[in-house]
Amino acid sequence: VQLQASGGGLVQAGGSLSLSCAVYGNIFRINVLGWYRQAPGKQRELVATISSGGTTNYADSVKGRFNISRDNANAKKSVYLQMDNLRPEDTAVYYCRLAVLRNVFWGQGTQVTVSS
């Protein structure tokens, strides 16, 4: 199983960015996809998750600003993160994550930088 993230970049505060993550490989139909982030000098933290049934979970700091979604229709599963009203404190490396059965897979990080 491999996860490939894309998107990210530099944006001014108040702007928007979108992240995408494609999942390659056969995975069990019941799973959880998510986004995590890690700022310099800080621990990696949860941003948002979405189950294969569509249940979502968000960090309090991003509620109302970020939206996670997923595409189950195709053989290639994907998860997306729409980030609106970005703040400088959202600056971090963002990672997509897949949890399936007892396994966890990570994608490579993608940098999001929000300037004030």
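Residues numbered from 1 in each chain as written. Predicted model: local features only at pLDDT ≥ 70, side-chain atom pairs only at ≥ 80, totals over all residues. Heavy atoms only, no water.

Draft legend 1. Here's a closer look at the sheet that holds strand β7 (residues 66–71). The strand order across the open sheet formed by four strands is β1-β3-β8-β7, and the pairing between neighbours is antiparallel. Since the sheet does not close on itself, it has two edges, and those belong to β1 (2–7) and β7, each with one partner. Strand-to-strand twist across the sheet, computed as the mean angle between neighbouring axes with direction ignored, equals 15°. (Pairing = 2+ DSSP bridges. Helix = DSSP H or I, 4+ residues; strand = E, 2+ residues; numbered from the N terminus. Axes fitted to C-alpha atoms, helices over the stretch in contact; angles between N-to-C directions.)

Draft legend 2. Spatial organisation of the pairing of strand β10 (residues 103–106). Relative to β10, strand β9 (residues 92–100) runs antiparallel, the two sharing four bridges. What sits directly across from Arg97, in β10, is Trp106. The hairpin turn running from β9 into β10, its antiparallel successor, is two residues long, and Leu101 in that turn takes a positive phi close to 55°.

Draft legend 3. Summary view of a nonpolar patch on the surface. A grouping of Phe28, Ile30 and Leu101 is seen on the molecular surface, where their side chains present a nonpolar patch of about 320 Å² in accessible area. Looking at the secondary structure, you find Phe28 in the loop between β3 (17–24) and β4 (31–38). Assessed through its relative accessible area of 40%, Phe28 is described here as partly exposed. (Patch = residues over 30% accessible without salt bridge, like charges linked within 9 Å, V, L, I, M, F, W, Y side chains within 5 Å. Areas by Shrake-Rupley, 256 points an atom, 1.4 Å probe, with all protein chains shown as cover. Salt bridge = Lys/Arg side-chain N within 4 Å of Asp/Glu carboxyl O. Buried < 20%, exposed > 50% of the residue type's maximum accessible area, 1.4 Å probe, protein only.)

Draft legend 4. Highlighting the environment of Ala92. Checked against the element boundaries, Ala92 lands in strand β9. For the pair Ala92 and Thr113, spaced 21 residues apart in the sequence, the C-alpha separation amounts to 6.6 Å. When neighbours within four sequence positions are excluded, Ala92 is seen to be in contact with Arg37, Gln38, Ala39, Thr110, Gln111 and Val112. (Contact = heavy atoms within 4.5 Å.)

Draft legend 5. Local environment of the state of the cysteines. Within the structure shown, the criterion is met by one disulfide. The residue that forms a disulfide with Cys21 is Cys96, at a sulfur-sulfur distance of 2.1 Å. Handedness of the Cys21-Cys96 disulfide follows from its S-S torsion of about 55°: it is right-handed. One end of the pair, Cys21, is in strand β3; the other, Cys96, is in strand β9, and 75 residues separate them in sequence. Each member of the pair, Cys21 together with Cys96, is buried. (Disulfide = S-S within 2.5 Å.)

Draft legend 6. Spatial organisation of the side chain of Asp90. Mapped onto the elements of the fold, Asp90 is located in the loop between β8 (77–83) and β9. Those residues within four positions of Asp90 in sequence are excluded, and the remaining contacts are Arg37, Arg65, Phe66, Val112 and Val114.

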